[in-house]
Amino acid sequence: MLVRNVRTIVKPASDDPATAVGVALSAVMIGALGLAVINPFGNDATAETRADAHAAGSAQALKAARKATAAKKAENTGRGERAEKVTAAHAVSSAQAIQVAMKQVGITEGPKGQTKFHDWYVKTNEAKLTARRDGGDIAEYNGAAWCNMFVSWVGAQTGVKGMGWDAYTVRHAAWLQKSKRWGQVAKPGALVFFDWQNGSAGGIQGIDHVGMVVKDNGDGTISTVEGNISSSVVAKVRPKSSVVGYGYPDYADYKREAGKNG
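*Asks:* How would you summarise the confidence of the model for the chain if you had to cite specific residues and measurements?
*Replies:* In this model, the chain carries an average pLDDT of 77, and 65% of its residues clear a pLDDT of 70 or more. The low-confidence segment residues 3-11, where pLDDT is below 50, has 34 contacts with residues more than four positions distant or belonging to other chains. Note that pLDDT drops below 50 for residues 72-83; the model gives that stretch zero contacts with residues more than four away or on any other chain.

*Asks:* Lay out the nonpolar core with the relevant residues and their values.
*Replies:* The nonpolar side chains of a soluble globular protein tend to be buried with one another. In terms of nonpolar packing, the biggest core is built from 49 residues, with Phe150, Met212 and Tyr246 touching the most fellow members. In terms of residue count, the dominant contributor to this core is helix α6 (residues 147-158) (seven residues).

*Asks:* Summarise unusual backbone geometry; cite the residues concerned and give the values.
*Replies:* In this structure, lysine 112 takes a positive phi of about 60° despite not being glycine. For lysine 112, the position within the fold is in the loop between α3 (94-102) and α4 (116-121). Among the residues examined, lysine 112 registers a relative accessible area of 81% and is labelled exposed.

*Asks:* Explain the sheet that holds strand β7 (residues 232-239) residue by residue, including any values.
*Replies:* The six strands lie next to each other as β3-β8-β4-β5-β6-β7, forming an open sheet whose pairing is antiparallel. Looking along the sheet, the strands with just one partner apiece sit at the ends: β3 (182-183) and β7. Across four bridges, the pairing between strand β4 (residues 191-194) and strand β8 (residues 243-247) is antiparallel. Counted as the bridge partner of phenylalanine 193 is glycine 245 from β8. Each of β4, β5 (209-216), β6 (221-229) and β7 is contacted by α6, which is oriented at about 50° to β5, the strand it contacts most. This element, helix α7 (residues 169-178), spans β3, β4, β5 and β8 of the sheet and lies at about 125° to β4.

*Asks:* Account for α7, naming residues and giving values.
*Replies:* Counted residue by residue, α7 has seven buried out of ten residues, so it is predominantly covered. Taken residue by residue, α7 has Thr169, Val170, Arg171, His172, Ala173, Trp175 and Leu176 as its buried positions. Elements in contact with the buried residues of α7: α5 (125-133), α6, β3, β4, β5 and β8. A positive backbone phi angle near 60° is found at lysine 180, which sits one or two residues after α7.

*Asks:* Can you break down the environment of glutamine 177 residue by residue, with the values?
*Replies:* Looking at the element boundaries, glutamine 177 is found in helix α7. Taking the C-alpha atoms as reference points, glutamine 177 and isoleucine 204, 27 residues apart in sequence, are found 9.3 Å from one another.

*Asks:* Which residues make up the packing of aromatic side chains, and what values do they have?
*Replies:* Per the stated rule, a full pass over the model turns up ten aromatic pairs. Seen from their ring centres, phenylalanine 117 and tryptophan 153 are 5.2 Å apart, and the 80° between their planes marks the pair as edge-to-face. Taken as a pair, phenylalanine 117 in helix α4 and tryptophan 153 in helix α6 lie far apart in primary sequence, 36 residues in all. According to the relative accessible area criterion, phenylalanine 117 is buried, its value standing at 0%. For tryptophan 153, a relative accessible area of 3% gives the class buried.

*Asks:* So what's going on with the packing of α3 against α6? Which residues, and what values?
*Replies:* Between α3 and α6, the least distance of the axes is 10 Å, while the angle of their chain directions is 125°. The pairing of α3 with α6 is recorded here as oblique in orientation. As for how α3 packs across α6, the hand of that crossing is right-handed. Two secondary-structure elements touch here, α3 through Gln96, Ala97, Val100 and Ala101 and α6 through Phe150, Trp153, Val154, Gln157 and Thr158.

Cut-offs used in this document
- Residues numbered from 1 in each chain as written.
- Predicted model: local features only at pLDDT ≥ 70, side-chain atom pairs only at ≥ 80, totals over all residues.
- Heavy atoms only, no water.
- pLDDT = per-residue confidence, 0-100.
- Contact = heavy atoms within 4.5 Å.
- Core = buried A, V, L, I, M, F, W, Y, C linked by side-chain atoms within 4.5 Å.
- Buried < 20%, exposed > 50% of the residue type's maximum accessible area, 1.4 Å probe, protein only.
- Helix = DSSP H or I, 4+ residues; strand = E, 2+ residues; numbered from the N terminus.
- Pairing = 2+ DSSP bridges.
- Axes fitted to C-alpha atoms, helices over the stretch in contact; angles between N-to-C directions.
- Phe/Tyr/Trp six-rings, centres within 6.5 Å; stacked < 30°, edge-to-face > 60°.
- Parallel < 35°, antiparallel > 145°, perpendicular 65-115°, else oblique.
- Left-handed = near helix turned anticlockwise from the far one by under 90°.

Here it is, written out as structure tokens:
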């Protein structure tokens with residue numbers, strides 16, 4: 001969970017209820033959610049360069065802006081093997097997302113609490129939007145609580161639609177609810193949001209942590225994969241009583257299931 005107080009980002013020692021300390025929420029919520037509904041993976045620099053060109057009133061400037069954008073895209077393509085990828089949105093199964101998430105188990109924080117998930121998030125356009133929305137600065141994401149960055153990263157790597165990107169669990173859950181991707185059924189691949197104090201009796205504003213459901217164990221517990229637990233990505237078993245709700249990305253198997261039930 002990312003806790004914001006004006007322009008300060010506070011990172012609890014862990015998102016695990018056994019080690020996390022109580023933190024007062026005094027969030028500054030500004031502007032749009034910063035989570036694209038149709039394509040959450042867009043990061044088009046063309047809009048800014050075109051706006052600059054138009055303001056200058058010069059066709060030549062517009063042409064130069066387009067060339068600069070094309071060159072930037074070519075540069076990014078050339079760096080593809082070295083950088084964390086952002087896969088174009090396409091049909092993805094929940095099993096594929098779980099596989100990507102589980103492969104991260106064992107990854108731990110480096111110096112100053114930094115992970116590859118921080119490194120990825122601060123470079124995204126969504127980081128600009130969420131920082132602006134919450135009255136902070138992109139640099140403040142470095143070393144901050146990263147459970148939500150982890151699940152956002154999984155969505156970006158797989159290319160699944162409807163996962164949403166954010167660094168703040170409450171805002172992410174609110175977006176899922178608003179976009180009608182919210183419910184109380186523990187489906188494999190669903191995002192699972194926890195409230196350590198009030199559990200299932202709590203609401204979205206009390207959410208402390210997020211992970212991904214691996215499976216419903218059928219005994220009142222769920223198996224999960226989560227980031228920022230004891231400074232690592234871990235596999236856990238959690239009681240459903242600690243769950244506020246679940247977020248449902250647009251997995252191909254979810255759509256097939258809905259079609260059968262419809």
